[in-house]
Amino acid sequence: MVASILAGISMLSGCASLHEVRPTSCNIESITPQGLRTIGMKIALGIENPSIQFSIVEAEAVLFEGGDRLATVNVNPFTVEKKSSRIYPVDAVFSINPGYNYLNLLNLVRDQSFIDKSTIDIYVKVRLKGGLSKKIERKGMPLKQFLQKIRL
């Protein structure tokens, strides 16, 4: 889901140069339970950026299934260097919404129709090196369509 936030930037951004930014890999390095519904994650996110330097100031992805909010991923701020292709350490928090637990979520995801019935909301605030910032938001995107666009 973290790579999906970055992919969302390149898909949704109005800045032409950011359209060229793409995730190249996404590996979970560690997972730390932080209670019954929250997991801290350290992620190695590969990013190819032929463009200018930018920072992800805020980033959130919310997963819905049949209109019910299932889970949220929040990504801590990080900066992507200009004209680079490298792996960035990214910290994120995965939170399951009240009314669900890990077992409920696992059972939902195993259902073949889960991807067809699910949507994702994405909110990202990007700040360019010069200080200009842009909010990128997309609500209700079918999860299946989104996953097809972000294939790593």
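Every value quoted in this text rests on a predicted model; they were computed, and no experiment measured them.

Draft legend 1. Here's a closer look at the overall build of the protein chain. Counting secondary structure elements, the protein chain contains four helices and eight strands. Going from the N terminus to the C terminus, the protein chain shows its helices and strands as α-β-β-β-β-β-β-α-α-β-β-α. Counting across all 152 residues of the protein chain, residues that qualify as buried make up 41%. Within the protein chain, counting contacts between residues at least 6 apart in sequence, those at least 24 apart form 63% of the total. Summing over all exposed atoms, the protein chain offers an accessible surface of approximately 8,200 Å²; the carbon and sulfur share of this is 52%.

Draft legend 2. Summary view of the environment of K139. With respect to the element layout, K139 can be found in strand β8 (residues 133–142). On the accessibility criterion, K139 (57% relative accessible area) is exposed. With 78 residues separating them along the chain, K139 and A61 place their C-alpha atoms 9.7 Å apart. In contact with K139, other than residues within four places in its own chain, are I120 and D121.

Draft legend 3. Broad picture of the packing of aromatic side chains. Inspection of the entire model under this criterion finds zero aromatic pairs. A cation over an aromatic ring shows up here: R86 above the ring of Y88, its NZ or CZ 4.4 Å from the ring centre.

Calculation notes
- Residues numbered from 1 in each chain as written.
- Predicted model: local features only at pLDDT ≥ 70, side-chain atom pairs only at ≥ 80, totals over all residues.
- Heavy atoms only, no water.
- Helix = DSSP H or I, 4+ residues; strand = E, 2+ residues; numbered from the N terminus.
- Buried < 20%, exposed > 50% of the residue type's maximum accessible area, 1.4 Å probe, protein only.
- Contact = heavy atoms within 4.5 Å.
- Areas by Shrake-Rupley, 256 points an atom, 1.4 Å probe, with all protein chains shown as cover.
- Phe/Tyr/Trp six-rings, centres within 6.5 Å; stacked < 30°, edge-to-face > 60°.
- Lys NZ or Arg CZ within 6 Å of the ring centre and 35° of its normal.

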